[in-house]
Amino acid sequence: MKRRTHNGEETGESLAPEPRIQVRRCRKATASLVFGIGALSFLPGIGAVLAIVYGALAKREIKRDELELRGSKWATAGITLGILGIVLPLVALGLYLSSDKVRALFKEFINLRILKESMPYLLRGLLVTIKLAVVSEVCILFFGLFVALIRISRIKVLRAVAAVYIDVIRGMPLLLQIFIIYFGLGYLGLNLSRFTAGVLALTICYAAYEAEIFRAGIESIHKGQMEAARSLGMGYLKSMRYVVLPQAVRRVIPPLSNEFIALLKDTALLAVISVPEVFQRGRELMGFKANVTPLIGVAICYLIITLPLMRVVQYVEKSLSKTD
Amino acid sequence: MIRIVGLYKLFGEHEVLKGISLHVKPSEVVVVVGPSGSGKSTMLRCINGLEHASAGHIYVEGTDITDPQVDINEVRQKVGIVFQSFNLFPHLTAMHNVTLAPLKVKKMPQDEANEKALQQLDRVGLKYKADAYPAHLSGGQQQRVAIARALAMDPDVMLFDEVTSALDPELVKEVLDTMKGLAQEGMTMVVVTHEMGFAKEVGDRMIFMDEGLIVEEGKPEDVFTNPVHPRTKEFFSKILSHI
């Protein structure tokens, strides 16, 4: 394939003198020129880089074997085109960036000064967000496991209650549940703090999902495990506690970690009941400064936590699957 | 030691056991043979309450375990069972597999439980594997740990449910030898098996079951060499033609 293009190039460029000696054109020089042309037409960016790299390599090769290789001019041309291929787009970008629209963007949206001013206030909000997520998660784990155990209990009525709870909760938006719980409890005369109401709403909602994850985990453990434990004289709860659950928990750690990340992000919904978490603070600042930049700060705050967390989940997933 | 009287078991419409009566005396080794689906395993599982009898009574050391008032967990401590599929706890080492029930059920102190577990592992020749996880043991070793685990509760009876059926042929012997040792120590055993050599050598009495009934019963050699019932004859002739 490469050889054919090379020949094609040669016949196409028949204007150039073709001395009939044992000299051949350096292929890298040809490649450089092709990429150079490409850089300005169909292959911007990467084409320019390749043109320059191949050009430089060709130059070095030609210098080493001056008698046998030619194509120095082609290489020069390729490098020049490559450089143009990089410089011209940059100039265009520069022109665009200096336009009014872009300047407005930097002023209203990515205003570094406002970003810097916003960060301390936002970071304190981030702490509230983390606290919300951690406190809720602890409640969710206990309550979710409890619901899962009821869901698989032998008593029909209990099983039905758990099933209804799980389905009803999963069938409604979390946002709606937050409103219902916060205002509903208010009418019942229960004056919970916004933070507590938030934790309660998140717990009730997420426990339904995590109960199903726990149930799937428990049911994935072979029933021979329960039988073996029962046969040794251990009661149902003891068998669950010492034999089935330890195995099930290992299996559900990856899906539960993903739920935790989702939970962390969903704490933003509590802004609707003015819990001073990071998104709520971002909104406040946005109004206060009449500028959208604080939201960029909020985005940064979430990513500081979620990006490393996703890595950790991946790592845990990998190491668990290795030992399974 | 175990007395089964008129035991029936139904799974839905399907009658698996159709009136089994059996008496197992202390230190007796009863081997149960018969074609698949004849109800051997179901009968065994009824003896420690893993399956509930549909009708009839099962007395273990005088306690009727079909009585709902009976604390089945108490009875199970006296009746050890070993399964075809080992069912070791994969998240625990061999040692912890053996100590778990003594610690949690008998509330035995840790030291005593450990000491006892090592004794039992030694008995099945696996003391040196005490810290290994089940995944790192061969099938035969896993099954021997399962035997040690059952023995750690000091049962008066041991039930074996086709314990060598899931093993590679070369691993069968080590498990059978362990069971033979137990029998020689005077353990009362009910053994569901397809290992005819073992049945003949170790069994005091052989029970042949077919379609939920005990069809024939007697000394292993007699049942084996001189079957009376046509169904038994057919079964053994089929087995023997493969040897």
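Reading the values: the criteria
Within any chain, residue numbers begin from 1 and follow the written order of that chain's sequence. Whichever chain is written first becomes A and whichever ligand is written first becomes 1, with later ones labelled in order. The predicted origin of the model limits local features to residues at a pLDDT of at least 70 and limits the giving and counting of side-chain atom pairs to 80 or more, whereas totals for whole chains, interfaces and linings rest on all residues. By convention in this description, side-chain values take in all heavy atoms of the structure and omit both hydrogens and water. Helix numbering and strand numbering both begin at the N terminus, where a helix is a DSSP run of H or I of at least 4 residues and a strand a DSSP run of E of at least 2. Atoms counted for the radius of gyration: C-alpha only. Globule rule: 2.2 Å times residue count to the power 0.38. Burial classification: accessible surface area is computed with a 1.4 Å probe over protein chains only, and a residue below 20% of its type maximum counts as buried, one above 50% as exposed, and the rest as partly exposed. Note on contacts: a residue pair is in contact if any heavy atoms of the two residues lie within 4.5 Å. Asp and Glu count as negative and Lys and Arg as positive, but His and the ends of the chain are not part of the count. Note that the charge is assigned to NZ on lysines, CZ on arginines, CG on aspartates and CD on glutamates. The term nonpolar core refers to a set of buried residues drawn from Ala, Val, Leu, Ile, Met, Phe, Trp, Tyr and Cys, joined through side-chain atoms within 4.5 Å. In this analysis, strands are considered paired if DSSP registers two or more bridges between them. As a rule, the C-alpha atoms of each element are fitted with a line to give its axis, helices using only the stretch in contact, and angles between N-to-C directions run from 0 to 180 degrees. Buried area: the accessible surface (1.4 Å probe) lost by two parts on joining, summed over both. The rule for a salt bridge is simple: a side-chain nitrogen of Lys or Arg has to be within 4 Å of a carboxyl oxygen of Asp or Glu. For this scheme, ten residues count as nonpolar: Ala, Val, Leu, Ile, Met, Phe, Trp, Tyr, Cys and Pro. Four count as charged, namely Asp, Glu, Lys and Arg, and the remainder, Gly too, count as polar. Any helix carries an expected span of 1.5 Å times its number of residues minus one. Pairing of N or O atoms within 3.5 Å defines a polar contact, subject to two protein rules: one partner must be a possible hydrogen donor and the other a possible acceptor, and residues neighboring in sequence count only if both atoms are side-chain atoms. In these notes the angle categories are as follows: under 35 degrees is roughly parallel, over 145 is roughly antiparallel, 65 to 115 is roughly perpendicular, and the rest is oblique. Put simply, a crossing is left-handed when the front helix is turned counterclockwise from the back one by less than a right angle, and right-handed when it is turned clockwise. pLDDT: the predictor's confidence for each residue, scored from 0 to 100.

1. Let's talk about the overall build of chain A
Per the secondary structure count, chain A includes 13 helices and two strands. The C-alpha atoms of chain A give a radius of gyration of 33 Å, which is well past the 20 Å a tight globule of 324 residues would have. Residues classed as buried in chain A amount to 39% of the 324 residues present. Of the contacts made within chain A by residues no fewer than 6 positions apart, 74% connect residues no fewer than 24 positions apart. Within chain A, one finds 41 positive and 23 negative side-chain charges whose respective centroids are separated by 4 Å.

2. Quick notes on the nonpolar core
Among the nonpolar cores identified, the biggest contains 47 residues, and Ile 147, Met 158, Phe 160, Met 179 and Met 189 of chain B are the most heavily contacted of them. Counting residues in each nonpolar core, the second largest holds 38 residues, with Ile 4, Val 32, Phe 89 and Ile 207 of chain B among its members.

3. Let's talk about the sheet that holds strand E3 (residues 29–33) of chain B
All names here are of chain B. Strand order across the open sheet formed by six strands is E6-E7-E8-E3-E9-E10, with mixed pairing between neighbours. At either margin of the open sheet sits one strand with a lone partner, and together these are strand E6 (79–82) and strand E10 (213–218). Between one strand axis and the next, the sheet turns by 20 degrees as a mean value, whatever way the strands run. Of the strand pairs in this sheet, E3 and strand E9 (residues 205–210) are connected by four bridges, and their pairing is parallel. Note on E9: the bridge partner recorded for Val 30 is Arg 205.

4. Things to note about the interface of chain B and chain A
Counting from both sides, the interface comprises 23 residues of chain B and, opposite them, 16 residues of chain A. Contact with chain A buries surface across chain B, with Phe 89, His 91 and Lys 104 of chain B losing the most and accounting together for 29% of the total. Taken together, the connections running from chain B to chain A amount to one salt bridge. In this structure, Arg 45 of chain B engages Glu 227 of chain A in a salt bridge whose closest nitrogen and oxygen atoms are separated by 2.6 Å. The element best represented in the side of chain B that touches chain A is helix H2 (residues 72–78) of chain B, accounting for four residues. Grouping the amino acids of the side of chain B that touches chain A by side-chain chemistry returns 13 nonpolar, five polar and five charged.

5. Details of helix H12 (residues 278–289) of chain A
All names here are of chain A. Helix length check: H12, at 12 residues, gives a terminal C-alpha distance of 16 Å against a target of 16 Å (1.5 Å per residue), a fit within 8%. Every buried residue of H12 is listed here: Val 278, Gln 280, Arg 281, Gly 282 and Leu 285. With a side-chain oxygen lying 3.1 Å from the backbone nitrogen of Phe 279, the N-terminal cap of H12 falls on Glu 277.

6. Describing the packing of helix H9 (residues 194–219) of chain A against helix H11 (residues 236–266) of chain A
Residue and element names in this part refer to chain A. Running from amino to carboxyl end, H9 crosses H11 at an angle of 140 degrees, the nearest separation of the two axes being 8 Å. With respect to their mutual orientation, H9 and H11 come out oblique. H11 is crossed by H9, and the crossing has right-handed handedness. The residues of H11 that touch H9, namely those facing Leu 202, Tyr 206, Tyr 209, Glu 210, Ile 213, Phe 214, Gly 217 and Ile 218, are Met 240, Val 244, Leu 245, Ala 248, Val 252, Pro 255, Leu 256, Glu 259, Ala 262, Leu 263 and Asp 266.

7. Some points on the packing of helix H3 (residues 46–64) of chain A against helix H4 (residues 72–97) of chain A
Residue and element names in this part refer to chain A. The geometry of H3 relative to H4 is characterised by a closest axis approach of 8 Å and an angle of 155 degrees between their N-to-C directions. Classified by the interaxial angle, the pair formed by H3 and H4 is roughly antiparallel. Relative to H4, the crossing made by H3 is left-handed. Along its contact with H3, which presents Ala 48, Val 49, Ala 51, Ile 52, Gly 55, Ala 56, Ala 58, Lys 59 and Ile 62, the element H4 presents Ser 72, Ala 75, Thr 76, Gly 78, Ile 79, Gly 82, Ile 83, Gly 85 and Ile 86. In terms of residue class, the contact of H3 with H4 is made up of 11 nonpolar, six polar and one charged.

8. Some points on unusual backbone geometry
Glycine aside, negative phi is the norm for most residues, and most peptide bonds take the trans geometry. The phi dihedral of Ala 290 of chain A is positive, around 50 degrees, even though this residue is not glycine. In this structure Ala 290 of chain A comes out as exposed when scored by relative accessible area, which is 61%. Unusually for a residue other than glycine, Glu 162 of chain B sits at a positive phi of about 45 degrees. Among the secondary structure elements, Glu 162 of chain B is positioned in the loop between strand E7 (157–161) and helix H6 (172–184). Its relative accessible area of 13% is what places Glu 162 of chain B among the buried residues.

9. Quick look at the pairing of strand E1 (residues 2–11) of chain B
All names here are of chain B. Examined bridge by bridge, E1 and strand E2 (residues 14–24) share eight bridges and lie antiparallel to one another. Bridge pairing in E2 places Arg 3 opposite His 23. Taking the residues between adjacent antiparallel strands as the criterion, E1 and E2 are bridged by two residues, where Gly 12 takes a positive phi near 65 degrees.

10. Side note on the pattern of salt bridges
For the structure on display, the rule yields 19 salt bridges over all chains. As a salt-bridge pair, Glu 117 of chain A and Arg 113 of chain A come within 3.1 Å of each other at their nearest N and O atoms. Here Arg 113 of chain A and Glu 117 of chain A lie together in helix H6 (residues 112–151), a separation of four residues that amounts to about one turn. Given a relative accessible area of 40%, Glu 117 of chain A falls into the partly exposed group. Arg 113 of chain A gets classed as exposed once you look at its relative accessible area, which sits at 54%. A salt bridge links Arg 215 of chain A to Glu 212 of chain A, with the nearest nitrogen and oxygen atoms 3.0 Å apart. Here Arg 215 of chain A and its partner Glu 212 of chain A are both found in helix H9, three residues apart, which amounts to about one turn of the helix. An identical accessibility class is assigned to Arg 215 of chain A and Glu 212 of chain A; each is buried. Beyond isolated ion pairs, a larger network of salt bridges with shared partners links Lys 223 and Glu 227 of chain A together with Arg 45 and Glu 51 of chain B.

11. Digging into the side chain of Asn 73 of chain B
Following the sequence through the fold, Asn 73 of chain B ends up in helix H2. A distance of 3.4 Å separates a polar atom in the side chain of Asn 73 of chain B from a polar atom in the side chain of Arg 230 of chain A. Those residues in contact with Asn 73 of chain B that sit more than four places away from it in its chain are Arg 230, Gly 233, Met 234 and Gly 235 of chain A.

12. Topic: the sheet that holds E2 of chain B
Residue and element names in this part refer to chain B. Taken in spatial order, the four strands of this open sheet run E2-E1-E4-E5, and their pairing is antiparallel. Since the sheet does not close on itself, it has two edges, and those belong to E2 and strand E5 (63–64), each with one partner. Here E1 runs beside strand E4 (residues 55–60); their pairing, made up of five bridges, is antiparallel. Note on E4: the bridge partner recorded for Val 5 is His 57. Contacts between helix H1 (residues 40–47) and the sheet are confined to E1, E2 and E4, with E1 contributing the most and set at about 120 degrees to the helix.

13. Quick look at the confidence of the model for chain A
All names here are of chain A. When pLDDT is averaged along chain A, the result is 87; 92% of the residues meet or exceed 70. Predicted confidence in chain A is weakest over helix H1 (residues 2–12), with a mean pLDDT of 45, and strongest over helix H7 (residues 156–170), with 96. In the predicted structure, residues 1–14 sits below a pLDDT of 50 and forms 10 contacts with residues beyond four places in sequence or in another chain.

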